[in-house]
Amino acid sequence: MPRRSNPLDPTSSPLALFGSELRTYRDRVGLSQEQLGSKTNYTGSYVGAVERAEEMPKRRFAVAADVALNTVGALTRLWDGLLKKSVYPPWFNWPIHEAEATVLRSFQLSVVDGLLQTEDYARDLLYGDEVAVEARMARQSILTREDPAPPLLVCVLDETVLRREVGGPKVMREQLHHLVEAASERTSIHIAPARRHRGVNGSFVLATMEDRAEVAYIESAARGITTGEPTDLRTLTERFESIRSQALPVDQSLELIARTADEQWT
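Residues numbered from 1 in each chain as written. Predicted model: local features only at pLDDT ≥ 70, side-chain atom pairs only at ≥ 80, totals over all residues. Heavy atoms only, no water.

A.B. asks: Mind showing me how you'd approach the overall build of the protein here?
C.D. replies: For the protein, the count of helices and strands is 12 helices and six strands. Buried positions account for 45% of the 266 residues belonging to the protein. Restricting to contacts in the protein with at least 6 residues of sequence separation, those with at least 24 account for 69%. Total accessible area on the protein stands at roughly 13900 Å², and carbon and sulfur atoms take up 51% of it. Charged side chains in the protein number 32 positive and 38 negative. The centres of these two groups are separated by 5 Å. (Helix = DSSP H or I, 4+ residues; strand = E, 2+ residues; numbered from the N terminus. Buried < 20%, exposed > 50% of the residue type's maximum accessible area, 1.4 Å probe, protein only. Contact = heavy atoms within 4.5 Å. Areas by Shrake-Rupley, 256 points an atom, 1.4 Å probe, with all protein chains shown as cover. Lys, Arg positive; Asp, Glu negative; His and termini not counted. Charge placed at Lys NZ, Arg CZ, Asp CG, Glu CD.)

Structure, rendered in structure tokens:
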């Protein structure tokens, strides 16, 4: 049986308002959730989850739904005005961009990139918060998905990441071995020697989308910051290329990772 529409209260949250407006526009033109999903290249179940405020909609879905429903950009404006800023704290919207990226360039100064962490390593970093651990592990599915193709991931780790104890020797040994195993044609891992370079001010990630648009995530002591400002993107791109130019090639990096696992964490 088809799932009955619930009486969503649009005043309960920005996410509920978006879902309510989407449902109203869809009903107005007489499309089912499955039909709207087909027109926007999403599933009917995804449309339903968005309408029930159970799913954070992607911005590109809002854009596609505006076209399919002839709403003249109303849903996109609603997304930009409410969801981007209000539904989650600023750092939380990064996984949305991460999942839509075709290329990810990551520099990590202190710890392993979240997409490459083992469960035990993440658990120690997150102080045993199992919900947060599960969410972090779920993000990693983008590296093994089939459609769309996984993003190209270029990850540069400061050498100190290999030597900073997280969770104890066993966890560190397994984490470093996991890094070696994770390297592939689509995932390259470089180690930046522990000396002065342009990444000493902090970690960041650059995401390139299918349309070549870019967005960046910058870590800070208080919170993560997602930015699409051209000046920020230019600075971070230059910084990343400078760091990568000083990093070890992939083969030497993997050798160093494996050697550190066996010599320091055995």
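A.B. asks: What is the right way to read helix α11 (residues 230–246) from this model?
C.D. replies: Because the α-helix completes a turn every 3.6 residues, residues three or four places apart line up on one side. Between its first and last C-alpha, α11 extends 25 Å over 17 residues, near the 24 Å set by a 1.5 Å rise per residue. Buried within α11 are the following residues: Leu233, Leu236, Phe240, Ser242 and Ile243. Against the buried residues of α11 lie β1 (101–108), β2 (152–158), β3 (187–192), β4 (204–209), β5 (214–219) and β6 (224–227). (Expected span 1.5 Å × (residues − 1).)

A.B. asks: Quick question: what am I supposed to make of the nonpolar core here?
C.D. replies: Formed by 30 residues in total, the largest nonpolar core has its most connected members in Leu104, Leu176, Leu179 and Ile257. Secondary structure elements with two or more residues in this core: β1, β2, α9 (160–163), α10 (169–182), β3, β4, β5 and α12 (250–264). Setting aside residues up to four positions removed in sequence, Leu179 forms contacts with Val112, Leu116, Leu157, Leu162, Ile189, Leu254 and Ile257. Counting 21 residues, the second largest nonpolar core, distinct from the first, contains Leu36, Val47, Ala65 and Trp79. (Core = buried A, V, L, I, M, F, W, Y, C linked by side-chain atoms within 4.5 Å.)

A.B. asks: I keep staring at the pairing of β5 and nothing clicks. Help me out?
C.D. replies: Each regular strand shows side chains that alternate between the opposite faces of the sheet. Bridging between β4 and β5 involves five bridges; their strand directions are antiparallel. Bridging from a neighbouring strand, Ala207 pairs with Val215 of β5. Hairpin connection of β4 to β5: four residues between the antiparallel strands, including Arg212 at a positive phi of 75°. Relative to β6, β5 runs antiparallel, the two sharing four bridges. When the sheet's bridge partners are listed, Ala216 is paired in β6 with Thr227. (Pairing = 2+ DSSP bridges.)

A.B. asks: Looking at this model, I keep getting lost on the sheet that holds β6. Mind explaining?
C.D. replies: Strand pairing in a sheet relies on backbone hydrogen bonds. The paired strands run either parallel or antiparallel. Taking strand neighbours across the sheet as the criterion, the six strands line up as β3-β2-β1-β4-β5-β6 in an open arrangement whose pairing is mixed. Each edge of the open sheet is held by one strand with a lone partner, namely β3 and β6. Going across the sheet, the axis of each strand differs from the next one's by a mean of 10°, ignoring polarity. Relative to β3, β2 runs parallel, the two sharing six bridges. (Axes fitted to C-alpha atoms, helices over the stretch in contact; angles between N-to-C directions.)

A.B. asks: What am I meant to see in the environment of Ala135 here?
C.D. replies: Along the polypeptide, Ala135 turns up in helix α8 (residues 130–139). In this structure Ala135 comes out as partly exposed when scored by relative accessible area, which is 42%. Taking the C-alpha atoms as reference, Ala135 lies 9.9 Å from Pro95; in sequence the two are 40 residues apart.

A.B. asks: Sorry, what's going on with the pattern of salt bridges here?
C.D. replies: Pairing is possible between side chains of opposite charge, provided their charged atoms come close. Inspection of the entire model under this criterion finds 14 salt bridges. The shortest N-O distance in the salt bridge between Arg60 and Glu100 comes to 3.5 Å. One end of the pair, Arg60, is in helix α4 (residues 59–69); the other, Glu100, is in helix α6 (residues 94–100), with 40 residues separating them in the sequence. According to the relative accessible area criterion, Glu100 is buried, its value standing at 14%. Here Glu174 makes a salt bridge to Lys170, at a shortest N to O gap of 2.6 Å. Here Lys170 and Glu174 lie together in helix α10, a separation of four residues that amounts to about one turn. Classification of Glu174 as partly exposed rests on a relative accessible area of 33%. Given a relative accessible area of 49%, Lys170 falls into the partly exposed group. (Salt bridge = Lys/Arg side-chain N within 4 Å of Asp/Glu carboxyl O.)

Just geometry here; none of it tells us what the structure is for.
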